[in-house]
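# Geometric and topological summary
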Amino acid sequence: MRALICGAGIAGLALARTLGESGWDVVVVERSPEPRGGGYLIDFFGPGFDVAEATGLLPRLRELANPIQGVEYVDAYGRTTATLDYARFADAVGGRLLSLMRGDVELALYETVGDPVELRFGRTVDAVEQRPSGVVVTLSDGTREDVDLLVGADGVHSRVRELVFGPEREYFRYLGFHTAAYLIDDPGLRERLGGRFALTDSIDRQFGLYAVRGGGVTAFTVHRSADPELPDDPQRTLRECYGGFGWLVPDALAHCPRPPRLYYDQVAQIEMPTWSDGRVALVGDACQAVSLLAGQGASLAVTGAHLLATELGKGDDIPGALARYERRLLPLVREKQAAGRKTAEWFLPRSRARLLARRGLLRAMRVPGLRRALGGALAGRSFRAPHLGSAA
Ligand SMILES: Cc1cc2nc3c(=O)[nH]c(=O)nc-3n(C[C@H](O)[C@H](O)[C@H](O)COP(=O)(O)OP(=O)(O)OC[C@H]3O[C@@H](n4cnc5c(N)ncnc54)[C@H](O)[C@@H]3O)c2cc1C
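Residues numbered from 1 in each chain as written. Predicted model: local features only at pLDDT ≥ 70, side-chain atom pairs only at ≥ 80, totals over all residues. Heavy atoms only, no water.

### Notes on the sheet that holds strand β9 (residues 134-139)
Selection rule: Strand pairing is assigned whenever DSSP detects at least two bridges linking the two strands. Counting from the N terminus, the helices are DSSP H or I runs at least four residues long and the strands are E runs at least two residues long. All axes here are fitted lines through C-alpha atoms, helices being fitted over the stretch that makes contact, and every angle between N-to-C directions spans 0 to 180 degrees.
With antiparallel pairing, 3 strands are arranged side by side in an open sheet as β8-β9-β10. With partners counted over all chains shown, the strands left at the sheet margins are β8 (125-131) and β10 (144-147), one partner each. This sheet shows a mean twist of 20° between the axes of neighbouring strands, independent of strand direction. In this sheet, β9 lies alongside β8 in antiparallel orientation, the contact comprising 6 bridges.

### So, the sheet that holds strand β12 (residues 172-184)
To keep it simple, the criterion reads: Note on definitions: a residue-residue contact is assigned when non-hydrogen atoms from the two residues lie within 4.5 Å.
Ordered by their spatial adjacency, 7 strands build an open sheet running β5-β4-β13-β14-β15-β12-β16, and the pairing between neighbours is mixed. Sheet topology places β5 (80-85) and β16 (263-270) at the edges, where each strand pairs with a single neighbour. Neighbour to neighbour, the strand axes of the sheet diverge by 25° on average, direction disregarded. Note that strand β4 (residues 70-74) and β5 share 5 bridges and pair antiparallel. Pairing of Y73 across the sheet is with A82, part of β5. Helix α8 (residues 234-242) rests against β12, β14 (205-211), β15 (217-224) and β16 of the sheet, and its axis sits at about 75° to β15.

### Some thoughts on the packing of helix α1 (residues 10-21) against helix α5 (residues 102-112)
The condition that has to hold: What sets the label is the angle itself: under 35 degrees gives roughly parallel, over 145 gives roughly antiparallel, 65 to 115 gives roughly perpendicular, and the rest give oblique. Working rule for handedness: look at the near helix, and if it is turned counterclockwise from the far one by less than a right angle, call the crossing left-handed; if clockwise, right-handed.
Where α1 contacts α5, the axes come no closer than 9 Å and their chain directions differ by 20°. Relative to α5, the element α1 is oriented roughly parallel. Crossing of α1 against α5: the hand is left-handed. Each of I10, L13, A14 and R17 in α1 lies in contact with α5, whose residues at this interface are R102, V105, E106, L109, Y110 and T112.

Here it is in structure tokens:
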């Protein structure tokens, strides 16, 4: 059997890895000219952690993880106003939590993708023609691939979804925020930041900084925007949005690059009634984006990829495998999406009253009895992979 996967992000690579192991020939096409690297810091926990453990990825992820003790909210002078202790959050998920750069999760997957997987960078899918026994895919370099299955693992703005399932607007739920992230190479800034993972304690917008493992500082922003439209010049937007901020923000803004080194996007969810059409399926954010507000997109991407590969590895019944994959994962995704939408108010306060309420909530997390309940609320109700034996 032969599959073509569009997108070498976490979902695409995780799928390629497990599908390759179960004997499929796999071609992965990736738009970017080389592995993307970098990205932003993600909390990796929940069902994807189970999958990483079951598939032998966990030791490498542990090596690549960042030793975050907690998040500090800071005022314009860098003074701490509130803290979120990671140990408490980790407690709520049974200690199964790692803080990783997105690029490092991809790196761990690249390292373990075996021979039956061919990676082709700087390409995308231009056209898709479904036939009873397979799919003919035309790539942007003019080549045609005759495959048994095409999988779109190309993220929130999926090209495969657009070509096969229709326009993005039909599935895209904008959550009212824009987000950005970039890496800064400035040893002086790194030294002044120290070991802190700090976020501005601010209304409607937030700027975060963390000195990542191996050098550099990752900058991360989220701000409210009633307008989902992406700006023509995101670098200028960030400078306007955070220009009045104190602490280390002016220095961090001075280092802000332009895309593609600057990641800038809407915060959104993708909701689809079905994740496959004939011999074309979607995986990861392309069909199930929960958004950074739900904090488990990478985890669910790994889970979805593994579940799909496991079902496909059971035999030749591709439509049956696609149906089982969707049936088993969709309820969990819906739960995380609903939880993510609820987080919006807490995540970025709209007013001073809400900002103070958030500080109170963080203080309450120091009380042992409340700790588990609040930690559990952060983690969500279900945080085990739905298809992994004892872990389920
Ligand atoms: C700021 C931020 C913070 C986050 N924090 C967390 C967190 O704490 N925990 C967590 O679990 N998740 C978090 N997430 C979500 C997580 O990053 C995503 O859910 C996850 O990366 C989805 O992986 P994916 O492979 O499905 O999509 P993507 O990461 O979007 O990867 C898609 C891949 O496809 C490629 N591609 C795109 N279009 C094309 C095309 N037309 N042709 C070929 N290739 C294409 C892209 O270059 C990319 O390599 C966060 C997201 C953001 C933005």
